[in-house]
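# Geometric and topological summary
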Amino acid sequence: MKHIEQLIADGGEVTLGALAPFDCAASAADGSNALAMLVRRDGETRPSLLAH
């Protein structure tokens, strides 16, 4: 979570939610750069998804 906190402190953002056809996805970006895009696996928790 330290990296997420630093990204937000530097003006970046993390988005978590449904993104068809996926029930849960996360993305991280700073300005115009996509840094990460993750899809939650079956049985994976949301906190576990963000820990990757």
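Analysis parameters
- Residues numbered from 1 in each chain as written.
- Predicted model: local features only at pLDDT ≥ 70, side-chain atom pairs only at ≥ 80, totals over all residues.
- Heavy atoms only, no water.
- Pairing = 2+ DSSP bridges.
- Helix = DSSP H or I, 4+ residues; strand = E, 2+ residues; numbered from the N terminus.
- Axes fitted to C-alpha atoms, helices over the stretch in contact; angles between N-to-C directions.

### Re the pairing of strand β3 (residues 33-39)
Relative to β3, strand β2 (residues 22-30) runs antiparallel, the two being bridged by six bridges. When the sheet's bridge partners are listed, A29 is paired in β3 with A34. Counting the residues in the hairpin turn of β2 and β3 gives two residues, including G31, whose phi is positive at 65°.

### Let's talk about the sheet that holds β2
One open sheet accounts for three strands, arranged β1-β2-β3; its pairing is antiparallel. Every interior strand has two partners, whereas the edge strands, β1 (13-19) and β3, have only one. With strand direction ignored, the average angle separating the axes of adjacent strands in the sheet is 20°.

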